[in-house]
Amino acid sequence: MFNYYVTSLQARDFYVQNLPLLPEAESTIHMHAGYLPVGSKNDGDRPRTIIWLNGGPGQSSLIGAWTEIGPFRFLDKNTIVTNNGSWHFYANLLFIDQPIGTGFSYVDRGMFIKELYVMAEHFLNFLDRYVEIFPEFLEEDIYLAGESFSGQYIPYIAQAILEKRLLLKLRGLLIGDGWIDPISLYNSYLPYAIANNLVKNDSEIYTNLTQIVAACRQILSRQVNVFVSQCYYILHQIMNNGIIKAQDVGNTEDSCINVYDIRLGAKKPMCGSNGPSELEYVSAYLNRQDVMSSIHIDGKNSEWRAFTRLIFASFRAFNSRTSVQLLPDLLSKIPIVFYNGEYDFICNHWAAENMLDNMTWNGASGFDLGNGKVAPIHAWVVDGESAGSIRYARNLTYILFFNAGHMVPYDQARRSQAMLYQFIQLNITYPNNQIVDNNHKKVNQNTHHSLNLLIYYFYLIRERYKYFSRRNISTPYFQLFFGHFKTLWNAESYHRQLQFWTKQYGKIYGIYEGTHPVFVVSDPDFLQDVFIKQFSNFHARKITMLDSVSHNIFFTNGSEWRRQRQVINPSFTTTKLKTMTPLINQSINDLMDKLSHHSNNSHEFNIYLYYKRLTMDIICRCAFGIDIDVQNNPNHIYFKKVEEFFDNNAVLKSPLFKMTQLLPEIGCILGRLYFTYNTLITYINKNILPFLSSTKQFDESPFMWLLNRLHTIVEQRQQTPTSRSDLLQLMLQVMTQQPIQNLMENPIKSNNWLSEDEVIGNTLMFMIAGYETTSTALAYATYVLAKHPDILKKLQNEIDEFFLNNDIDDEKIKEYFDYDTITQLSYMDMFISEVLRMYPIANIAIQRRAMENTIVQGINIEKGTIVHADIYSIHYDLELWGPDDPSIFIPERHKIKRHPMSFLPFGAGPRHCVGMRFALMEIKMLLTKLLRQYTILPGEQLESNFNINEQAVIAPQAIWIKLVKRET
Ligand code: HEM
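Residues numbered from 1 in each chain as written. Predicted model: local features only at pLDDT ≥ 70, side-chain atom pairs only at ≥ 80, totals over all residues. Heavy atoms only, no water.

The chain is annotated in an unreviewed UniProt entry as Cytochrome P450 of Adineta steineri.

Quick look at the structure:
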């Protein structure tokens, strides 16, 4: 814009005597124009100039002067009023039309600038001339400010000034809704659109968009330019085909999403890029002859245009680095404010936040403050109102403006002025600064207090929902407060839903359980880091209401878990398990007796029921040494209570449990309430109702009922010691009444003891964890055998051969069972593994909670975040389980060594299933005896009643088969 060849001109040659239509009161403003700065009204404590640049490329900075930060605004074509939010209250303003050819500036056609570094050199030339005419500029503090594509200009110009014009006092930068980092921007469009309901994730456009996004990512992985037209296509598709939010425009053929403010209506093809409606008046005004004369436009280019398309077409910056790469160096020298309007789509705040989260400057990454702390996000209050949020770290401030689109000072002039004031006073880090308004009135904060609290609460929730967008992690559509719970609670199967989303969002994506972020992961390397390599950071599971009341290794965490697990592990060693085989054998023999009544070609029955009774018998015998003989007494009260626990999901589906899922923070309180309520009921049933001669009893929850009975069993066991070798006995040997110390850091030194509550809690846990899981595994195994006679035959051959080689005839089988037998059946091993690969049972437990802030595979994970393994996707992943189709049952595929995290039916790492070997022993012992004697045939109802159902475990409804006695 500056005329390079005119050096004899002086400041007075640019002085604006009068401007048509200006309000009377504003005659004190000093303006220079043509090639102009606009004089500050209140010079304040020190002289300073803000250089303002609009974007484009090709947008005139006079848009900023007349609709954003300048002293005047148009009310209508002929009325100009004062802008109380103008920035000139605190600084001189200098609006520069550049790159050359923009707005009033002019150049011959072939001389348009194409690159950012060339633009920066031109800018320095301009400043040199400017200083010649306005030498006082050298004494002023200079700030560069602007929006949109000036996110590219400003860092380049700043770098050039700091390196080459050391006499200029560049003090800081303000970049609003900047086009800075194309990767963050292009990656943000789809998640922003979904989060703002512009696109639904089950729509056709969504499917198309995922393909375009994938193509864009491919391109970005190869090369990143300032503009990538294939990636811009994402935005283009959404703006033309997305859901229009503005109420007033309807949804006609030519309506589209306003990409500069999603709240507003827009028409194709501009879709918002024509700017605010006042621009029409600005354009008419600036093109008036008298106005042009006043501002010394001398006719070379007598037409003003808000946007010069030719500049946009020429300025492609193909050979320029993107400005994001300059920011770290700049931040080491001067402070920068980045600000964004929440409703801007084209340069949206998700992208800005993601860019900053991933940027490293002044010795750390993102808003990291070191020592595992991150910079807090404060509510930003201006004039007593909640204006947005603010965050500060190491010379960088980020402000999110509520109720603003792409042109923040246009929508929120006063607040943008407050931001400037705080910045140039360099106290912007104090977020709740009450700044004095133009009339210097104090605002009474108290009147807004409760409203602020509410706003702040919603603000916090909204902030939480940015967890994944900030990390550029995709997330399916979710609802405020519930997150993804509504979908998950209504889904037939939680884990099938996760698998469905994995197909759409990839191996690492995010969901919100309530407001809590959960990474859903089927990337084995990521999981290996979480479950094994970084176990010390991920040693807990999700918070549940049972955590504080159940005292067992499943529900405790940290050092308490470590101690208990250390004490309990030895109970499941081979040596200890061997001592339990007679107890298991006894229960299996009972089952074989029962089954003999069913062995008949035409008779079909549901064997799953028998398996449940069997595993209940076994676990009661092995865990706490009571022979409840459920197989002969299916109505036994213990069995009924455990069944009740699983069938009704008495705890898992209870409203209290759901409340804990939504608000884990209060899980501990809810757990205690649940515990106190049930203790009270037990007390009333036991001590008050008999006294009142009442025959009625209050219902105790099955969980609490079992816990109370176990107390009695333990008391009895203490009074009458036994030589039984069961899990309870093993735990009683390490029980103490003394206080117990937990030492996570030095487990060796920890007390290897369990408290009485822990002995009881763990015994109950074994009962619950060992009953339904193992019977369900047997059920699936039987289903497969009924459907695959070839596999059944191979198994029988292996078993027969083993018995033959070891000279064990049918007579001996009954008494016989040796732990070593089952370890020699290799096909059996592969068979069971394949059953558990195709039919994993306890997926719900395979998750971890981050106990510290950490980084996994380059992704920042905050303390408290959950990582949930998507077992179905892993177990059916062709890359992990190929080359044979993973949907086909092939035991032999387990001969090949796979990725350690490709097979997770028992979880992984130090917290994997403690009862795994016990369960496998049970399953193998039963199958060996069963298949030695019987052949399994499918029942008529096998398929129709298989129906896999997911509650606490993923289990079939029934397994209808026929048993045929084998000829031996
Ligand atoms: C086929 C049968 C079984 C399956 C599929 C199974 C599966 C699982 C899974 C997936 C976990 C979570 C592991 C993780 O977070 O990495 C788990 C944990 C656990 N299982 Fe099993 N389980 C079975 C049998 C048993 C048996 C028989 C017992 C007890 C006798 C048992 C006791 C436990 C306990 C106490 C935990 C918690 C371990 C901890 O947090 O330290 N499970 N099980």
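Having seen it, we continue.
Draft legend 1. Molecular detail of the packing of aromatic side chains. Scanning the entire structure with this criterion turns up 52 aromatic pairs. With centroids separated by 5.2 Å and ring planes inclined at 85°, the aromatic side chains of F149 and Y153 adopt a geometry described as edge-to-face. For the residue pair F149 and Y153, the accessibility class agrees, reading buried in each case. Judged by centre distance (5.6 Å) and plane angle (85°), the rings of F605 and Y610 are edge-to-face. Comparing F605 with Y610, the two get one shared label, buried. Following the ring pairs from residue to residue traces out a cluster consisting of F149, Y153, W179, Y186, Y189, Y192, F227, F307, F312, F315, F345 and W350. (Phe/Tyr/Trp six-rings, centres within 6.5 Å; stacked < 30°, edge-to-face > 60°. Buried < 20%, exposed > 50% of the residue type's maximum accessible area, 1.4 Å probe, protein only.)

Draft legend 2. Structural view of helix α27 (residues 756–787). Here α27 contains 32 residues, and its C-alpha end-to-end distance of 47 Å stays within 8% of the 46 Å for a straight helix at 1.5 Å per residue. Burial analysis of α27 places 27 of its 32 residues in the buried class, which makes it a mostly covered element. (Helix = DSSP H or I, 4+ residues; strand = E, 2+ residues; numbered from the N terminus. Expected span 1.5 Å × (residues − 1).)

Draft legend 3. Broad picture of the sheet that holds strand β18 (residues 605–606). Strand order in this open sheet of three strands is β18-β26-β23, and the pairing throughout is antiparallel. Single-partner strands in this sheet number two, and they are β18 and β23 (934–938). Across two bridges, β18 lies against strand β26 (residues 960–965) in antiparallel orientation. Within β26, the position partnered with N606 by the bridge is W960. Sheet strands touched by helix α34 (residues 916–933): β23 and β26. Its angle to β23, the strand with the most contacts, is close to 90°. (Pairing = 2+ DSSP bridges. Contact = heavy atoms within 4.5 Å. Axes fitted to C-alpha atoms, helices over the stretch in contact; angles between N-to-C directions.)

Draft legend 4. Here's a closer look at the UniProt feature "binding site: heme" (unreviewed entry) in the chain. UniProt records the feature "binding site: heme" (unreviewed entry) at C913, using the numbering of this structure. Along the chain, C913 turns up in the loop between α33 (878–881) and α34. (UniProt positions renumbered as here; feature names shortened; annotations may be inferred.)

Draft legend 5. View of the packing of helix α4 (residues 182–195) against helix α6 (residues 229–241). Relative to each other, α4 and α6 sit at 25°, their axes nearing to 8 Å. Comparing the axis directions of α4 and α6 gives the class roughly parallel. The handedness of the crossing between α4 and α6 is left-handed. For the pair α4 and α6, contact is made by Y186, Y189, L190 and A193 and by C231, Y232, I234, L235 and I238, respectively. Partitioning the contact of α4 with α6 into residue classes produces nine nonpolar, no polar and no charged. (Parallel < 35°, antiparallel > 145°, perpendicular 65-115°, else oblique. Left-handed = near helix turned anticlockwise from the far one by under 90°. Nonpolar A, V, L, I, M, F, W, Y, C, P; charged D, E, K, R; others polar.)

Draft legend 6. Representation of the pairing of strand β14 (residues 385–393). In terms of burial, β14 is a largely internal element, seven of the nine residues being buried. Inspection of the sheet shows strand β13 (residues 378–382) paired to β14 by five bridges, in the antiparallel sense. Within β14, the residue paired with A379 across the bridge is S389. Bridge count between β14 and strand β15 (residues 396–401): six bridges; the pairing is antiparallel. Bridge pairing in β15 places A393 opposite L396. In this structure, the hairpin formed by β14 and β15 is closed by a connection of two residues, where R394 is found at a positive phi of approximately 45°.

Draft legend 7. Broad picture of the state of the cysteines. Counting across every chain of the model gives two disulfides. Here C216 connects covalently by a disulfide to C231, the sulfurs 2.2 Å from one another. The sign of the S-S torsion, about 100°, decides the handedness of the disulfide formed by C216 and C231: right-handed. Residue C216 is located in helix α5 (residues 204–222), and its partner C231 is located in helix α6; the two are separated by 15 residues in the primary sequence. For C231, a relative accessible area of 0% gives the class buried. The disulfide partner of C256 is C271, and the gap between their sulfur atoms is 2.2 Å. Taking the sign of the S-S torsion, about -120° here, the bridge from C256 to C271 comes out left-handed. One end of the pair, C256, is in the loop between α6 and α7 (279–286); the other, C271, is in the loop between α6 and α7, and 15 residues separate them in sequence. Relative accessible area serves as the criterion here: at 1%, C256 is assigned to the buried category. On the accessibility criterion, C271 (1% relative accessible area) is buried. Sequence-ordered numbering of the bonded cysteines in the chain yields a pairing of 1-2, 3-4. For C620, which is in no disulfide, the shortest distance to another cysteine sulfur is to C622 and amounts to 9.7 Å. (Disulfide = S-S within 2.5 Å.)

Draft legend 8. Seen up close, a nonpolar patch on the surface. A grouping of Y683, I688, F691 and L692 is seen on the molecular surface, where their side chains present a nonpolar patch of about 480 Å² in accessible area. Residue placement: Y683 occurs in helix α24 (residues 667–688). (Patch = residues over 30% accessible without salt bridge, like charges linked within 9 Å, V, L, I, M, F, W, Y side chains within 5 Å. Areas by Shrake-Rupley, 256 points an atom, 1.4 Å probe, with all protein chains shown as cover. Salt bridge = Lys/Arg side-chain N within 4 Å of Asp/Glu carboxyl O.)

Draft legend 9. Representation of the sheet that holds strand β22 (residues 866–869) within the structure. Across the sheet, which stays open at both edges, the four strands sit in the order β16-β17-β22-β19 with mixed pairing between neighbours. The open sheet terminates on both sides in strands that have one partner only, identified here as β16 (508–513) and β19 (847–849). In this sheet, adjacent strand axes meet at a mean angle of 25° when their direction is disregarded. Pairing between β16 and strand β17 (residues 516–521): six bridges, direction antiparallel. Paired with I511 across the two strands is V518, which belongs to β17.

Draft legend 10. Seen up close, the site of the ligand. As a structural note, the neighbourhood of the ligand is formed by 28 residues, with W561, R565, R848, R911 and C913 the closest of them. Within the backbone of I553, an N or O atom sits 3.2 Å from an oxygen atom of the ligand. Contributing elements (two or more residues each) for the shell around the ligand: α19 (558–568), α27 and α34. A class-by-class count of the residues in the shell around the ligand yields 18 nonpolar, six polar and four charged. (Near = heavy atom within 4 Å. Polar contact = N/O pair within 3.5 Å; in protein donor to acceptor, adjacent residues only side chain to side chain.)

Draft legend 11. Seen up close, the nonpolar core. If you look at the biggest cluster of nonpolar residues, it comprises 113 residues, and the most contacted ones within it are L595, M616, M767, F831, F918 and L927. Broken down by element, this core gets its largest block of residues, 17 residues, from α27. Those residues in contact with M616, other than ones at most four positions away along the chain, are I628, V630, F639, V642, M767 and Y771. Counting 106 residues, the second largest nonpolar core, distinct from the first, contains Y130, I205, I334 and L498. (Core = buried A, V, L, I, M, F, W, Y, C linked by side-chain atoms within 4.5 Å.)

Draft legend 12. Spotlight on unusual backbone geometry. Q98 connects to P99 through a cis peptide bond whose omega is -5°. By the element assignment, P99 lies in the loop between β5 (92–95) and α2 (116–133). Following K268, the chain continues to P269 via a peptide bond in cis, the omega torsion being 0°. Turning to its location among the elements, P269 is positioned in the loop between α6 and α7. A positive phi angle, near 45°, is found at N362, a position not held by glycine. Here N362 is to be found in the loop between β9 (360–361) and β10 (364–365). By relative accessible area, which is 33% here, N362 ends up partly exposed. Although it is not a glycine, N395 sits at a positive phi angle of roughly 85°. Following the sequence through the fold, N395 ends up in the loop between β14 and β15.

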